[in-house]
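Inside the fold
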Amino acid sequence: MKPIRFIATTAMAMVVAICTMAACAKGEIKKQPLSKPVPDWIQPDTIATAKLGNTLIDILFNSGRVRVYSVVPKETVNSDDIEVDDNFVCDSLLATLNHDQIVALRYTLLTSGSNYELQQQLVPLTPYCPEIAFEFKHKKTVAWVFVSLSDRKWGIRMGDKTLFRFNYLDGIMLTRFCNYFLSKKNTNKDTTTK
């Protein structure tokens with residue numbers, strides 16, 4: 001009786017092994033496409049979300065193209081001027097941001113709720129003068145983010161209306177980021193005058 005039980009157990013084990021091998025041989029290894037994870041650190045926090053609202057978040061965080069312009073003051077705005085704030089217009093196109101630069105701008109300026117609070121800031125006593133503007137375009141909608149490095153203010157404009165202005169908290173990274181593009185304008189002027 002014991003040899004029959006041994007043979008039956010061995011036969012069952014062999015059948016299971018053969019079925020397993022057959023299933024593995026027939027089955028194809030399916031490669032799942034890697035999806036890009038949405039990093040939590042680049043998403044706006046609750047304060048930024050409350051201040052911006054869904055429309056602005058959609059434009060600023062889903063825009064495929066962001067252009068950088070230098071900004072100059074102008075007393076009389078013509079119809080062909082692009083006004084990014086009251087009496088401040090685009091002077092020249094400096095660059096079109098690549099993906100990494102867009103992420104850096106969003107992280108340093110747009111995601112942190114501390115950049116939306118006025119009462120926690122020390123406000124420098126320098127004149128307000130936006131020097132650089134970022135054009136965020138999503139589908140057919142355009143939003144302008146402008147930055148005044150002199151008094152550490154930034155704001156957003158849609159259409160012909162400035163929606164708000166705030167002080168930004170950490171000026172070191174944003175100033176370095178903006179000065180990188182503004183230096184391109186100065187370099188272009190130097191090469192054209194020689």
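The preceding data block contains the structure.
Residues numbered from 1 in each chain as written. Predicted model: local features only at pLDDT ≥ 70, side-chain atom pairs only at ≥ 80, totals over all residues. Heavy atoms only, no water.

1. Focus: the sheet that holds strand 6 (residues 153–158)
Spatially, 2-3-1-4-5-6-7 is the arrangement adopted by the seven strands of the open sheet, whose pairing is antiparallel. The open sheet has two edge strands, strand 2 (83–85) and strand 7 (161–167), and neither has a second partner. Direction aside, neighbouring strands of the sheet carry axes that sit 35° apart on average. Two strands pair when backbone bridges link them, and strand 6 and strand 7 are joined in this way by six bridges, in the antiparallel orientation. Across the sheet, residue I156 finds its bridge partner in strand 7, namely F164. Contacts from helix 3 (residues 99–110) reach strand 1 (65–73), strand 3 (88–96), strand 4 (132–138), strand 5 (141–148) and strand 6, with the element oriented near 110° to strand 4. (Pairing = 2+ DSSP bridges. Helix = DSSP H or I, 4+ residues; strand = E, 2+ residues; numbered from the N terminus. Axes fitted to C-alpha atoms, helices over the stretch in contact; angles between N-to-C directions. Contact = heavy atoms within 4.5 Å.)

2. A few points about the nonpolar core
Soluble, globular proteins show a tendency: their nonpolar side chains are buried together. Core analysis: the biggest nonpolar cluster contains 34 residues, and F134, V147 and W154 have the highest contact counts within it. The element contributing the most residues to this core is helix 2 (residues 46–62), with seven residues. Look past the residues within four positions of F134 in its chain and what remains in contact with it is V66, R67, V68, L97, L105, A143, W144, V145, V147, F177 and C178. Of all hydrophobic cores here, the second largest spans eight residues; its members include V84, A133, W144 and F146. (Core = buried A, V, L, I, M, F, W, Y, C linked by side-chain atoms within 4.5 Å. Buried < 20%, exposed > 50% of the residue type's maximum accessible area, 1.4 Å probe, protein only.)

3. Considering unusual backbone geometry
Trans peptide bonds make up most of the peptide bonds, and negative phi angles are found at most residues other than glycine. One non-glycine residue, N87, lies in the positive phi region at around 65°. Locating N87 in the fold gives a position in the loop between strand 2 and strand 3. On the basis of relative accessible area, N87 is assigned to the partly exposed category, the value being 40%. In this structure, K139 takes a positive phi of about 60° despite not being glycine. Positionally, K139 belongs in the loop between strand 4 and strand 5.

4. Things to note about the packing of aromatic side chains
A full pass over the atoms with the stated rule returns eight aromatic pairs. Ring plane angle 85° and centroid distance 5.9 Å describe the contact between F88 and Y128, whose orientation is recorded as edge-to-face. Taken together, the residues F88 in strand 3 and Y128 in the loop between helix 3 and strand 4 connect sequence positions 40 residues apart. Residue classification places Y128 among the partly exposed positions, given a relative accessible area of 24%. Ring geometry for F177 against F181: centres 5.3 Å apart, planes inclined by 70°, an arrangement best described as edge-to-face. Of this pair, F177 and F181 both sit in helix 4 (residues 171–193), four residues apart, which is roughly one turn of that helix. (Phe/Tyr/Trp six-rings, centres within 6.5 Å; stacked < 30°, edge-to-face > 60°.)

5. Section: the pattern of salt bridges
Pairing between side chains of opposite charge can happen when their charged atoms approach one another. One pass over the full model with this rule turns up seven salt bridges. Of the charged contacts in the structure, one is a salt bridge between K74 and D81, with a shortest N-O distance of 2.6 Å. On the accessibility criterion, K74 (27% relative accessible area) is partly exposed. Given the relative accessible area of 21%, D81 is considered partly exposed. Two residues, D86 and R157, come together in a salt bridge whose shortest N-O distance is 3.4 Å. Taken together, the residues D86 in the loop between strand 2 and strand 3 and R157 in strand 6 connect sequence positions 71 residues apart. Residue class for D86 comes out partly exposed when judged on its relative accessible area of 45%. (Salt bridge = Lys/Arg side-chain N within 4 Å of Asp/Glu carboxyl O.)

6. Some words on the side chain of H138
One can find H138 in strand 4. Since its relative accessible area comes to 13%, H138 is described here as buried. Among the polar contacts made by the side chain of H138, one reaches the main-chain carbonyl oxygen of N62 at a distance of 3.0 Å. For H138, the contacting residues outside a window of four places in its chain are D58, I59, N62 and S63. (Polar contact = N/O pair within 3.5 Å; in protein donor to acceptor, adjacent residues only side chain to side chain.)

7. So, helix 3
Here helix 3 contains twelve residues, and its C-alpha end-to-end distance of 15 Å stays within 8% of the 16 Å for a straight helix at 1.5 Å per residue. Listed as buried for helix 3 are Q101, I102, V103, L105, R106, T108, L109 and L110. In this structure N98 caps helix 3, since a side-chain oxygen of it lies 3.1 Å from the backbone nitrogen of D100. (Expected span 1.5 Å × (residues − 1).)

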